[in-house]
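Breakdown of the fold
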Amino acid sequence: MDYLESLQGVTKNQLYKQPSTVLAVFRRMQSHLAKNLVMALLYMGRPIAVADLDSWVRPDSIKEREITVVQLERLAILSVVSNPGKPKAYSLTKTFANSLRLALTGGGNHLSFGVPCSDPYGDPISIEDLDEYAREQWESVLGYMVGNPWKPTGSKGVELSEAVTNLLAFGELITIQSKGRKAQITQKGFAFLLQDVNAQIWEILMLYLNRSADLRMERVEVLSFLFMLGSLELGQSYGKSNLTQTQTLMVGDLTEFGIILDDESSPVFYPTRLATTLTSDSGALRSAISSTTVEAGTPGFIVLETNYRIYAYTSSALQISILQLFSNLKVRYPNMIAGKISRDSVRRAVAQGITADQIISFLDTHAHPQMRKTNPVLPPTVVDQIRLWQIEGERMKTTQGYLFREFEDWQEYDRTVKYAKDIGVLEWKNDSKWLFFVHKHEQLASFVKADKARRAAEGR
Amino acid sequence: MPKASKGVLVECDPAIKAIILKIDQEKNEYIVEDLDDTHLMVKDSKVQALKAKLDEELKNAVSYPDEDDDSDRG
């Protein structure tokens, strides 16, 4: 969404021509108020005056309304209509409204939700197969990141193409050593590994998007294809014939990540679960995939004791290297490793940019079934201690900025401080010493100057 | 006319501030302004050095239980 805000108006307008994009944007909206406003305005012929808009919102939530409207404006969903002589009014942008209406009620000949292929080309592919395929591809990408071609049990390792490795390197998740294709994972990459799958996919897709400019791909096409993916149905095949050249290229690239299943020779492609959960906010699907996807078939393998000892029943190098990030591993047996979480090991992880919450959620997600019998799953003492160890490293909080001092009188100080507070740059102030600290000064400097000039004029 | 000076605002609890003051006493090379009990202003270029010094100081001041305790007393 932030990315969308940063785009130019023209680009956004082009994007909003696709009903699927609009629907995806609508689904991703964070606030319910935003959804309400959009829905209310959708079938309204004329712009609505600001005063009327205010009357929809309870007086005590004016602030939320303010934030929502600004956000919608930035997304170019809401626009201000100003007629001379009439009060300020809002309406939905035309393209957005049209597309959303199309998306909700159907109709139109836009094909933006993909073209379902009615007669299956060759053998239809079952959902289980798709899940299996997505898991295999995604795991091999993760496996590649930790530097070993890790093979899921009972299948051949998947060879990753240069496009994939380049993308990972571009995002600084890995660095590629000059000779050979051996990858070295970076700290950023480790933090990436600890996220849940949906977040990982989004990060990959964002990288893909940022990179598309370098590869001379049309950004609008890339984006609308991504949004379209989110609205496809699992287990359904879709025709490739109506895709643009860029988008056909993307199908190939996304196949590597297991987001799409595609056979170059066939005219159809299948979205996998990784794709169809992209723009939905249903957690159930997400967790369904994370239990199958993230690591191996076993549901949980970690036992954490109250004495900070950790036992992991695994032989996968991926899991071991993740564990190694925040614990000291001592013994390794063929099917199990044992180690201990210590102050040093947690501090080390925190120094690498991994948060205590990430560690805890990782342990929680992969807790051994035996541990699931207790509630809470993880020993609270250990969880608290991990958090404490993290805070310990943050004994001092630092903020870059500017200290303002030597005000001539109280009024000058008071006005400036108030202004700083209003524009949200104030970090600290001391009323008795007439001192305050801000993290940005440009706006404030001009305010001080203007204020000075005004007062000089008044004084005369 | 008010003046603005560039620097880094450090927020910490009074105990940590006391340690920072002690570190600064040697050469006076870190602190620009002592603001109040929990705030200090520090030179831009010296923040990293100060952080390192503080970590060192804390390591000496506080002792932690043996990390390599391998017995089962836990």
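Quick notes on the rules
- Residues numbered from 1 in each chain as written.
- Chains lettered and ligands numbered in written order.
- Predicted model: local features only at pLDDT ≥ 70, side-chain atom pairs only at ≥ 80, totals over all residues.
- Heavy atoms only, no water.
- Helix = DSSP H or I, 4+ residues; strand = E, 2+ residues; numbered from the N terminus.
- Buried < 20%, exposed > 50% of the residue type's maximum accessible area, 1.4 Å probe, protein only.
- Contact = heavy atoms within 4.5 Å.
- Areas by Shrake-Rupley, 256 points an atom, 1.4 Å probe, with all protein chains shown as cover.
- Core = buried A, V, L, I, M, F, W, Y, C linked by side-chain atoms within 4.5 Å.
- Buried area = accessible area lost by both parts, 1.4 Å probe.
- Salt bridge = Lys/Arg side-chain N within 4 Å of Asp/Glu carboxyl O.
- Polar contact = N/O pair within 3.5 Å; in protein donor to acceptor, adjacent residues only side chain to side chain.
- Nonpolar A, V, L, I, M, F, W, Y, C, P; charged D, E, K, R; others polar.
- Pairing = 2+ DSSP bridges.
- Expected span 1.5 Å × (residues − 1).
- pLDDT = per-residue confidence, 0-100.

This paragraph deals with the overall build of chain B. When its secondary structure is counted, chain B shows two helices and three strands. The secondary structure elements of chain B, listed N-terminal to C-terminal, are β-α-β-β-α. Looking at chain B as a whole, 32% of its 74 residues are labelled buried. A sequence separation of at least 24 residues applies to 49% of the contacts in chain B between residues at least 6 apart. Only carbon and sulfur atoms are counted for the fraction: they give 47% of the accessible area of chain B, which is about 4,600 Å².

Here we come to the nonpolar core. Residue and element names in this part refer to chain A. Ile 259, Leu 363 and Ile 386 are the most contacted members of the largest nonpolar core, which totals 96 residues. With eight residues, helix α12 (residues 219-230) is the single largest residue contributor to this core. With sequence-adjacent residues up to four places away left out, Ile 259 is seen in contact with Ile 201, Leu 205, Leu 229, Leu 254, Pro 271, Thr 272, Leu 274 and Ala 275.

This part is about the interface of chain A and chain B. Bring the parts together and some accessible area is lost; that lost area is often taken as the interface size. If you look at the interface, chain A gives 33 residues, while chain B gives 35 residues. When chain A packs against chain B, close to 3,100 Å² is buried across both sides, 53% of that on carbon and sulfur atoms. Among the residues chain A hides against chain B, the three largest losses belong to Arg 395, Met 396 and Trp 428 of chain A. Together they make up 23% of the total. Ionic pairing is found between Arg 405 of chain A and Glu 33 of chain B, a salt bridge with its closest N-O pair at 2.4 Å. Inspection of the region where chain A meets chain B yields nine residue pairs in polar contact (both at pLDDT 80 or more). Of all the elements in the fold, those that place two or more residues in the side of chain A that touches chain B are α17 (343-351), β13 (396-405), β14 (426-430), β15 (435-438) and α22 (442-459) of chain A. Take the side of chain A that touches chain B: its biggest share by element is 10 residues, from β13 of chain A. A per-class count over the side of chain A that touches chain B returns nine nonpolar, seven polar and 17 charged. Pairing geometry for β13 of chain A and strand β1 (residues 3-12) of chain B, over 10 bridges, is antiparallel. Paired with Phe 404 of chain A across the two strands is Ala 4 of chain B, which belongs to β1 of chain B.

Moving on, we get to helix α20 (residues 380-392) of chain A. Over its 13 residues, α20 of chain A extends 18 Å from the first C-alpha to the last, a length consistent with the 18 Å expected when each residue adds 1.5 Å. Those residues of α20 of chain A not exposed but buried are Val 382, Val 383, Ile 386, Trp 389, Gln 390 and Glu 392 of chain A.

Moving on, we come to the pattern of salt bridges. All names here are of chain A. Going through the model one piece at a time under the given rule, you end up with seven salt bridges over all chains. Residues Arg 387 and Asp 357 are paired through a salt bridge, measuring 3.1 Å at the closest nitrogen-oxygen approach. In this pair, Arg 387 sits in helix α20 while Asp 357 sits in helix α18 (residues 356-365), placing the two residues 30 residues apart along the sequence. Arg 387 sits in the partly exposed class, given a relative accessible area of 37%. The partly exposed category is assigned to Asp 357, whose relative accessible area is 46%. As a salt-bridge pair, Asp 431 and Lys 429 come within 3.3 Å of each other at their nearest N and O atoms. Relative accessible area serves as the criterion here: at 33%, Lys 429 is assigned to the partly exposed category.

All right, on to the confidence of the model for chain A then. All names here are of chain A. Predicted confidence across chain A gives a mean pLDDT of 72, with 73% of residues reaching 70 or more. The low-confidence segment residues 149-157, where pLDDT is below 50, has 11 contacts with residues more than four positions distant or belonging to other chains. Per-residue pLDDT stays below 50 along residues 281-298; that stretch engages in 31 contacts with residues further than four places along the chain or on separate chains.

With eight of 10 residues buried, helix α16 (residues 317-326) of chain A lies mostly within the body of the structure. Those residues of α16 of chain A not exposed but buried are Leu 318, Gln 319, Ile 320, Ser 321, Ile 322, Leu 323, Leu 325 and Phe 326 of chain A.

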